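Observations on the model geometry
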Amino acid sequence: MGRMTAAPLPPAPAPALVLDALSRRFGAVTALETISLSLAEGEILCLLGASGCGKSTLLRLIAGIERPDSGTVTLSGRVLSGPGVFVEPEARGIGFMFQDYALFPHLSVAENVAFGLRGQPRGQVQARVAEVLAVAGVGSLAERYPHMLSGGESQRVALARALAPRPGLLLMDEPFSNLDQGLRETVRAETLALLRQMRVGAIIVTHDPAEALAVADRLALMHRGRIEALAEPRQVYHSPPTLYAARFLGPGTALPGVVRGGVLATPLGRFDAPDLAEGAAAVAFFRPQALSLCDPAEGAAARVTACAFLGAQERLSLRLEESGAEVQLDLPAAQPPRALSRIGVRLDPDAVRVFGPSAQM
Ligand SMILES: Nc1ncnc2c1ncn2[C@@H]1O[C@H](COP(=O)(O)OP(=O)(O)OP(=O)(O)O)[C@@H](O)[C@H]1O
């Protein structure tokens, strides 16, 4: 066999946006604490987190609507905000789309979209307005006024307005939350396709984990003004760095135990915890789909205490007979769960994450 020689790695794409140690306080509240992250060109990042964690403040600092107390914002190598530097929002080359779309009520759709192109030659503005309205699928609505638009149409017009000046980055604050469930997924898919087609990077704020998992190239989970997790959706979902991140991204069970000899013993098995100290209070976390049914003699015996129909699956709540621990298990909805009053369960050890004390804050 020939020896493999490692090919030189292609140079990593230059980050489009770099945030370095951004902090912002409001009186006694630390809204953001030393936030650092970078965004590659064309990358779509979701900022996810509970109410009050600092998502909107971070978006406003990047847009320049708010000033940081310290730290720097750099876009394509140009410092927008930093010691002694502050570029006004309209000079940043960043598009902003607000949750309520903020269309000007007294301007037509075409005039709304033309607003960000002020100062450019008239013919050029008209051509660009027609182009982005067509790409956003609302070309026929150019003469309407905002009160004559449906929610989905308003969203598309707002998107067209934000994209018209060819921003280097688009910031979107809960852009789909005003749409009802059925429309939301369609508009979301179309918006994403449009961003990719135009190769515009975006930071999308959402408090909905399912939306962040579906949409993001990478997601940043924020918690109390800090970034708790930053990675691709699958990685954050399956290998969350903390118990908070694990719980925020979806349901699961945390079984507590004590580490002895580098192993955490729980009612559903023993899991390696080589990095944790002897006697550390740890938890084994797993998602409902990590448990499967078996004969009670072959796994842990359990009683079904409740059952929730979720459409595609049934979620059973179980009490383990030996320990009394409560766990959840997902079954395909086709399997009738009511017949299963006493069951056995088995846990897939590869789907378990062990969190020591410092990862349970
Ligand atoms: N102008 C302000 N004055 C005082 N406190 C503020 C101001 N703006 C934000 N805060 C506080 O900073 C923290 C972060 O707020 P922020 O709006 O960024 O959170 P968020 O994650 O966007 O929340 P939500 O999802 O509810 O919009 C909160 O505690 C908030 O009360």
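Up top you'll find the structure we're talking about.
Everything quoted here is computed from the prediction, not taken from an experiment.

Cut-off values and rules
Residues numbered from 1 in each chain as written. Predicted model: local features only at pLDDT ≥ 70, side-chain atom pairs only at ≥ 80, totals over all residues. Pairing = 2+ DSSP bridges. Helix = DSSP H or I, 4+ residues; strand = E, 2+ residues; numbered from the N terminus. Axes fitted to C-alpha atoms, helices over the stretch in contact; angles between N-to-C directions. Buried ≥ 20, exposed ≤ 12 C-beta atoms within 10 Å, placed from the backbone. Contact = placed C-beta atoms within 7 Å. Near = placed C-beta within 6 Å. Nonpolar A, V, L, I, M, F, W, Y, C, P; charged D, E, K, R; others polar.

Looking now at the sheet that holds strand E17 (residues 300-309). Pairing within the open sheet is antiparallel, and its five strands lie in the order E16-E20-E17-E18-E19. Looking at the sheet topology across the chains shown, the edges are occupied by strand E16 (291-294) and strand E19 (326-332). Taken pair by pair, the neighbouring strands of this sheet meet at an average axis angle of 50 degrees, ignoring direction. Of the strand pairs in this sheet, E17 and strand E20 (residues 342-347) are connected by four bridges, and their pairing is antiparallel. Paired with alanine 300 across the strands is valine 345, a residue of E20.

In this section: the pairing of strand E3 (residues 44-49). When a strand is regular, its side chains alternate between the sheet's two faces. Within E3, six of the six residues are buried, which leaves the element mostly enclosed by the surrounding structure. Of the pairings in the sheet, the one linking E3 to strand E9 (residues 201-206) comprises five bridges and is parallel in character. Residue cysteine 46 lies in a different strand from E9, and its bridge partner there is isoleucine 204. Here E3 runs beside strand E10 (residues 218-223); their pairing, made up of five bridges, is parallel. The residue bridging leucine 45 from the neighbouring strand is arginine 218, located in E10.

On to the environment of alanine 136. In this structure, alanine 136 sits in the loop between helix H3 (122-135) and helix H4 (151-163). When the 24 C-beta atoms within 10 Å are taken as the criterion, alanine 136 is described as buried. Residues in contact with alanine 136, not counting those within four places in the same chain, are Arg156, Leu159, Ala160 and Leu194.

Turning to helix H1 (residues 55-63), a few remarks are in order. Of all the positions in H1, only Lys55, Thr57, Leu58, Leu59, Leu61 and Ile62 are classed as buried. Trailing H1 by a residue or two, glycine 64 shows a phi angle of about 90 degrees, which is positive.

Judged by pairing direction, the sheet is antiparallel, and its five strands sit side by side in the order E14-E13-E12-E15-E21 without closing on themselves. In the strand order of this sheet, the two ends are held by strand E14 (269-272) and strand E21 (353-355), each with one partner. Mean inter-strand twist for the sheet, computed between neighbouring axes without regard to direction, equals 35 degrees. In the sheet, strand E15 (residues 281-286) pairs with E21 via three bridges, with the strands oriented antiparallel. In the strand pairing of E21, alanine 284 is matched with valine 354.

What follows deals with the site of the ligand. Every residue near the ligand is listed here: Phe26, Val29, Ala31, Gly49, Ser51, Gly52, Cys53, Gly54, Lys55, Ser56, Thr57 and His207. For the shell around the ligand, the element with the most residues is H1, which contributes three residues. Grouping the constituent residues of the shell around the ligand by class yields four nonpolar, seven polar and one charged.

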